[in-house]
Amino acid sequence: MATFAKPENALKRAEELITVGQKQEALQALHDLITSRRYRAWQKTLERIMFKYVELCVDMRRGRFAKDGLIQYRIVCQQVNINSLEEVIKHFMHLATERAELARNQAQALEEALDVEDLEADKRPEDLMLSYVSGEKGKDRSDRELVTPWFKFLWETYRTVLEILRNNSRLEALYAMTAHRAFQFCKQYKRTTEFRRLCEIIRNHLANLNKYRDQRDRPDLSAPESLQLYLDTRFEQLKVATELGLWQEAFRSIEDIYGLMCMVKKTPKASLMVVYYGKLTEIFWMSSNHLYHAYAWLKLFSLQKSFNKNLSQKDLQLIASSVVLAALSVPPYDQSYGASHLELENEKERSLRVANLIGFEVEPKAENRVALSRSSLLSELVSKGVMSCVTQEVKDLYHLLENEFLPLDLALKVQPVLSKISKLGGKLSSVSSVPEVQLSQYVPALEKLATLRLLQQVSQVYQTIQIDNISKMIPFFDFTVIEKISVDAVRRNFLAIKVDHMKGAVFFGKQSIEAEGLRDHLSLLAESLSKARTMIYPPAKKAAKLGEALSNLAEIVEKEHKRLLARKSIIEKRKEEQERLLLEMERVEETKRRELQKMTEEAEQKRIAAEYEQRRNQRILKEIEDRELEEAQALLHEAEKRSKRKKKPVLEGEKMTKKVIMELALNEQLRERQEMEKKLLKFAKTMDHLERAKREEAAPLIESAFKQRLAEEAALHEREQQQEIELSRQRHAGDLEEKRRLARMLENKRILQEKVVSSREAEFTRMKRERQERISQIIQSRKQEREARRKMIFFLRSEEERQKRLQEEEEARKREEAERRKKEEAERQAKLDEIAEKQRRRMLELEEKEKREREEILRKSTAVLPKPAEPPTLGRPAELGGAAPIPAAAATAPTPGPGKYVPKHLRTKMDGAGQAPPPETDKWGGGSKPDDRPSWRDERKPPSFGSGSRTSWPASRR
């Protein structure tokens, strides 16, 4: 980073680098100077540096550098010379626009060069591949490379300037001018994507302006000049959006204007409101919202009639005719019929929002909200006198479609009127917002309305009609179009029609009851029959009524019981909800308490850290003071040395500090400055005397020129006053003539008003009666549905309780059975464990006894026989029928007594001698007490013994 002693040196260095072709180094040098903290005081040199800086940024298309430099320069100029920043920004935009225009002029095919959807998007991979694969670049590609980068840079320039000026109250005019130029850029080159982005940027700027109200240089929207600039910007945005065909963005611009006015609680001028409603008519017409379109036209008509004094009679007729035709173009049925509850709520909210936009109430109130409808619109047209201003063709059309009952030739009479209306229209000379009015745009909607009116009137007269006859009666459309219109009307509950193509006929259903012509007759017939029945069958006595009431008492009690049960359940649910809310509140309070505790701990830690930092800073300050004291001593010695040659300074010896010495130097400078100021005052006094002498000489000349000017202006005033008197006389005479001409139509106006009012009263009475009947039917049907639902809920709950009770009984029975089995199994297992324990103890005793006997036998056999006996051959037990050889030693052994254990090698000998073995009571054959050792054959499973058991199992068990 290069450092310069003066800003002029940096500018000179940058010019030298530019001369040798090193623009990047020159730009970097100027950027370092601008962003440096050393040059934060404004001076004229910095302005020249900024001019050179923005020129380099434009030449090299460095938008980021330009933005950084302008932000730093804004900090320098904000409080000193804000006009310098304005000049720099204007120069920057001028250079960027000039280079973009130069590139556009160099390109031969502008449409192909600007065929880019988004100026902020980079090159796509396929474009890069194509540029590398194709060896010869075409003309279109060269144009794209030449023009598009400069338009990207120009767009980035507008964004940068808007971002820099967004919160600067001193440069509001420049901000508005930049926004207007950006809108014109988008309009000229059809940049729809950039226009949407620009609108969003401006919208975010206003939102941030309201969000952060404590900024120092924030624009004040309550000031008339600031408000007018913001309004002009929004209206320019609205105009460009409509010209580009971005109707959604245009509607958002309308909402921005309304929100801005609600913010400041003021209403714009009448000229701006004319533009507002003129654009609203276009937006609603493009979105097919004919009702809102008609209301916007009505507001525009009221404004033009009230505030435009130059409005001619022809223009007023055209505007009034547009209002009436737009109102007639509204479909005569409810568009939201058959929609869901959520859709109805959304439509209601949307209707209220649009009503606020059309009414333009900056302080909307809930009690003033009126739902927009076709009937209220037509009534308002009559009440505001719009019908008296329209052309005769429009009056005839209104009378035919709204008042006449012509079921057979309505369309035939409407067709010539529509052909005349389609030729009306033209340019308006006195309405700038609506330069042209063409009534032919309403003809398709009016033909559809005539078709609906004819079908409605035919359905009141006929029950069946041929398709060919309807096609002849409606010359506007083919029958396929008529069928589509009828389907839409049936779906909206406006007509009840069925088309049978096999029979070639159209059937009008449910008209015998719902028709207006028969409804009154049926009600009168019902009343007459009721009176006749009352005369034939007089009402019973009060006792009979009491008995009838008592007969229904059980049903009433049952209903009341169900109602009380439902109320009880509702109360229980409310209690549960209240308890849940209390728990939630306790949880929230606990969370807050923990957060407060955590914040307290953090604050304590911060306090400890702050105290440590404070002690550290105090130590550092003390060291600095000690160092400064040493420097002051050194400066004192130097001052004493200088005092030898000059006048000795007044010092206090050891107590002098660096600060005191600096103050002495500053006092010396201040003394010199005061002497200079005295000289300047003396010079100013001399100049004052000179200027006074000049003015004394010029006073007589100025006085004579003033008197001459007064005489000329008096003559001019007299001449203009005479002209004005003559014009007033002529205007008064014309007004008297116009009054005599219009006085003839006063009686016709009164007759028409009475006729319209009477027809509206009849229509209102009929609609009120229809509404009451429809409400009663809905109440009855809902009551029946509610009763059926209650019965079904009671049946389902009873069935559920019965199934639950059966399930609980079955589970209880299963649990008892399982517990019983478990108990039996435990008893059996305990018994088996006891038997096994007895057998184990018995086995241990037998093994011990066997061991002793075997040792005794071995001793005896060793004493009798010198040779060892052959190993015994184990055979099968005697009880299994097996025979085995008996060893010699076993033959000489004595026969054991009953109840004693017999070894295997002796047991085979006894079997061979023909002696029957002693009776065995168990499988071990070791005792005669069956009660002590029960046999394993009596148990379901064999007992488990230790590893030392020597049991010989029977063959059947093996």
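Bear in mind the structure is a predicted one, so any value in this text is a computation, not a measurement.

**Student:** What is the right way to read the overall build of the chain from this model?
**Tutor:** Check the secondary structure of the chain and you find 30 helices and five strands. Across the chain, every contact between residues at least 6 apart in sequence was considered, and the portion connecting residues at least 24 apart equals 72%. When the accessible surface of the chain is totalled, it reaches about 65200 Å², and 54% of it is carbon and sulfur.

**Student:** Hey, could you run me through the pairing of strand E4 (residues 497-500) in this one?
**Tutor:** Each regular strand shows side chains that alternate between the opposite faces of the sheet. Strand direction decides the pairing type here: E4 and strand E5 (residues 505-508), joined by four bridges, are antiparallel. Along E5, the bridge assignment pairs aspartate 500 with alanine 505.

**Student:** Sorry, what's going on with helix H22 (residues 479-491) here?
**Tutor:** Three- or four-residue spacings in an α-helix give side chains the same orientation, since the helix completes a turn every 3.6 residues. For H22, built from 13 residues, the straight-helix expectation of 18 Å at 1.5 Å per residue is met to within 8% by its first-to-last C-alpha distance of 18 Å. Downstream of H22 by one or two residues, asparagine 493 has phi in the positive range, about 65 degrees.

**Student:** How should the pattern of salt bridges be read in this particular structure?
**Tutor:** Opposite charge on two side chains permits pairing when their charged atoms draw close. According to the stated counting rule, one finds 50 salt bridges in the structure shown. We note a salt bridge from glutamate 810 to arginine 813, for which the minimum N-O separation is 2.4 Å. Here the residue glutamate 810 and the residue arginine 813 both occupy positions in helix H28 (residues 746-864), the gap between them amounting to three residues, near one helical turn. The exposure class of glutamate 810 is partly exposed, given its relative accessible area of 33%. The shortest N-O distance in the salt bridge between arginine 841 and glutamate 837 comes to 3.6 Å. Taken as a pair, arginine 841 and glutamate 837 lie in helix H28 at a separation of four residues, close to a single helical turn.

**Student:** I'm lost on the nonpolar core in this one. Help?
**Tutor:** Within soluble globular proteins, side chains that are nonpolar tend to cluster in buried spots. By size, the foremost hydrophobic cluster in this structure holds 162 residues, and its most contacted members are Phe195, Tyr276, Val324, Leu397 and Val414. Examining the composition of this core, we find that 11 residues originate from one element, helix H8 (residues 139-165), more than from any other. The residues contacting leucine 397, other than those within four sequence positions of it, are Leu325, Leu328, Val414, Val417, Leu418, Ile421 and Leu446.

**Student:** I keep staring at the packing of aromatic side chains and nothing clicks. Help me out?
**Tutor:** The geometry of an aromatic ring pair is captured by the separation of the ring centres together with the interplanar angle, meaning the angle of the planes. Under the definition given, this model contains 14 aromatic pairs. With 5.9 Å between their ring centres and 25 degrees between their planes, phenylalanine 151 and phenylalanine 185 make a pair best called stacked. One end of the pair, phenylalanine 151, is in helix H8; the other, phenylalanine 185, is in helix H9 (residues 172-188), and 34 residues separate them in sequence. Side by side, phenylalanine 151 and phenylalanine 185 carry an identical accessibility label, which is buried.

**Student:** Explain a negative patch on the surface here, please?
**Tutor:** On the surface, a cluster of negative charge is contributed by Glu625, Asp626, Glu628 and Glu630. Considering the arrangement of structural elements, one finds glutamate 625 in helix H26 (residues 553-645). According to the relative accessible area criterion, glutamate 625 is exposed, its value standing at 52%.

**Student:** Would you mind showing me how to read the confidence of the model for the chain here?
**Tutor:** Parts of the model with low pLDDT should not have their predicted coordinates read in detail. Per-residue confidence for the chain gives a mean pLDDT of 77; residues scoring 70 or more make up 77%. For the chain, per-element mean pLDDT is lowest for helix H29 (residues 888-891), which scores 39, and highest for H28, which scores 91. Every residue in residues 541-546 is under pLDDT 50, and counting partners more than four places away or in other chains gives one contact.

**Student:** For this particular structure, what's the right way to read unusual backbone geometry?
**Tutor:** Located in the positive-phi region is serine 288, a residue other than glycine, with phi close to 60 degrees. Relative to the assigned elements, serine 288 resides in the loop between helix H13 (270-286) and helix H14 (290-307). Residues other than glycine seldom take positive phi values, yet asparagine 493 does so here, at roughly 65 degrees. Mapped onto the secondary structure, asparagine 493 falls in the loop between H22 and E4.

**Student:** Help me out: how do you make sense of the environment of glutamate 243 in this one?
**Tutor:** With respect to the helices and strands, glutamate 243 occurs in helix H11 (residues 224-244). According to the relative accessible area criterion, glutamate 243 is partly exposed, its value standing at 46%. Within the structure, glutamate 243 has its side chain in polar contact with the side chain of lysine 187 (distance 2.8 Å).

**Student:** When you look at a nonpolar patch on the surface in this model, what are you seeing that I'm missing?
**Tutor:** A surface patch of nonpolar side chains, amounting to about 360 Å² of accessible area, comprises Phe405, Leu408, Val461 and Tyr462. The topology assignment puts phenylalanine 405 in the loop between helix H18 (392-402) and helix H19 (410-422). A relative accessible area of 43% places phenylalanine 405 in the partly exposed class.

**Student:** What is the right way to read a positive patch on the surface from this model?
**Tutor:** A contiguous patch of positive charge, built from Arg782, Lys783, Arg786, Arg789 and Arg790, is present on the exposed surface. The residue arginine 790 is located in helix H28 in this model.

**Student:** When you look at the packing of H14 against helix H17 (residues 374-383) in this model, what are you seeing that I'm missing?
**Tutor:** Relative orientation and spacing of two packed helices are given, respectively, by the angle between their axes and the distance between those axes. Look at H14 against H17: their axes get within 11 Å of each other, and the N-to-C directions meet at 20 degrees. Taken together, the axes of H14 and H17 are roughly parallel relative to one another. Crossing angle aside, the handedness with which H14 passes H17 is left-handed. Each of Leu291, Ala294, Tyr295 and Leu298 in H14 lies in contact with H17, whose residues at this interface are Arg374, Ser376, Leu377, Glu380 and Leu381.

**Student:** Is there a simple way to explain the sheet that holds strand E3 (residues 464-466) in this structure?
**Tutor:** Within a sheet, neighbouring strands are paired by backbone hydrogen bonds and run either parallel or antiparallel to one another. On the basis of which strands lie adjacent, the open sheet formed by three strands has the order E3-E5-E4 and antiparallel pairing. On the outer flanks of this sheet lie E3 and E4, each paired with one strand and no other. Across this sheet, the average inter-strand angle for adjacent strands is 20 degrees, counted without regard to direction.

**Student:** Can you walk me through the pairing of E5 in this structure?
**Tutor:** As judged from the three bridges shared by E3 and E5, these two strands associate in the antiparallel manner. The partner of isoleucine 465 across the bridge, within E5, is valine 506. Count of turn residues in the E4/E5 antiparallel hairpin: four residues, of which glycine 504 carries a positive phi of about 70 degrees.

**Student:** Explanation requested: the packing of helix H3 (residues 44-60) against helix H4 (residues 63-77) in the structure shown.
**Tutor:** Two elements in contact, H3 and H4, have axes whose closest approach is 10 Å; the angle formed by their N-to-C orientations is 165 degrees. Classified by the interaxial angle, the pair formed by H3 and H4 is roughly antiparallel. Judged by the sense of rotation from one axis to the other, the crossing of H3 with H4 is left-handed. Contacts between H3 and H4 involve Leu46, Glu47, Met50, Tyr53 and Cys57 on the former and, on the latter, Phe65, Ala66, Gly69, Leu70, Tyr73 and Val76. A breakdown of the residues in the contact of H3 with H4 according to their chemical character gives nine nonpolar, one polar and one charged.

**Student:** It is not clear to me how the environment of histidine 290 should be interpreted in this structure. Could you clarify?
**Tutor:** Relative to the assigned elements, histidine 290 resides in helix H14. Each C-alpha atom, one on histidine 290 and one on leucine 328, is 9.1 Å from the other, the two residues being 38 residues apart in sequence.

**Student:** Honestly, H19 in this entry has me stumped. Any pointers?
**Tutor:** With 13 residues, H19 extends 18 Å between its outermost C-alpha atoms, agreeing within 8% with the 18 Å of an ideal straight helix rising 1.5 Å per residue. Burial in H19 covers these residues: Leu410, Ala411, Val414, Val417, Leu418 and Ile421. Taken together, the buried residues of H19 touch helix H15 (313-328), H18, helix H20 (443-461) and helix H21 (467-473).

**Student:** So what exactly am I meant to see when it comes to the state of the cysteines here?
**Tutor:** By definition, a disulfide links the sulfur atoms of two cysteines through a covalent bond. For the structure on display, the rule yields zero disulfides. Cysteine 199 provides the cysteine sulfur closest to cysteine 186, a residue in no disulfide bond, and the two sulfurs are 7.9 Å apart. According to the relative accessible area criterion, cysteine 186 is buried, its value standing at 0%.

Conventions we followed
- Residues numbered from 1 in each chain as written.
- Predicted model: local features only at pLDDT ≥ 70, side-chain atom pairs only at ≥ 80, totals over all residues.
- Heavy atoms only, no water.
- Helix = DSSP H or I, 4+ residues; strand = E, 2+ residues; numbered from the N terminus.
- Contact = heavy atoms within 4.5 Å.
- Areas by Shrake-Rupley, 256 points an atom, 1.4 Å probe, with all protein chains shown as cover.
- Pairing = 2+ DSSP bridges.
- Expected span 1.5 Å × (residues − 1).
- Salt bridge = Lys/Arg side-chain N within 4 Å of Asp/Glu carboxyl O.
- Buried < 20%, exposed > 50% of the residue type's maximum accessible area, 1.4 Å probe, protein only.
- Core = buried A, V, L, I, M, F, W, Y, C linked by side-chain atoms within 4.5 Å.
- Phe/Tyr/Trp six-rings, centres within 6.5 Å; stacked < 30°, edge-to-face > 60°.
- Patch = residues over 30% accessible without salt bridge, like charges linked within 9 Å, V, L, I, M, F, W, Y side chains within 5 Å.
- Lys, Arg positive; Asp, Glu negative; His and termini not counted.
- Charge placed at Lys NZ, Arg CZ, Asp CG, Glu CD.
- pLDDT = per-residue confidence, 0-100.
- Polar contact = N/O pair within 3.5 Å; in protein donor to acceptor, adjacent residues only side chain to side chain.
- Axes fitted to C-alpha atoms, helices over the stretch in contact; angles between N-to-C directions.
- Parallel < 35°, antiparallel > 145°, perpendicular 65-115°, else oblique.
- Left-handed = near helix turned anticlockwise from the far one by under 90°.
- Nonpolar A, V, L, I, M, F, W, Y, C, P; charged D, E, K, R; others polar.
- Disulfide = S-S within 2.5 Å.

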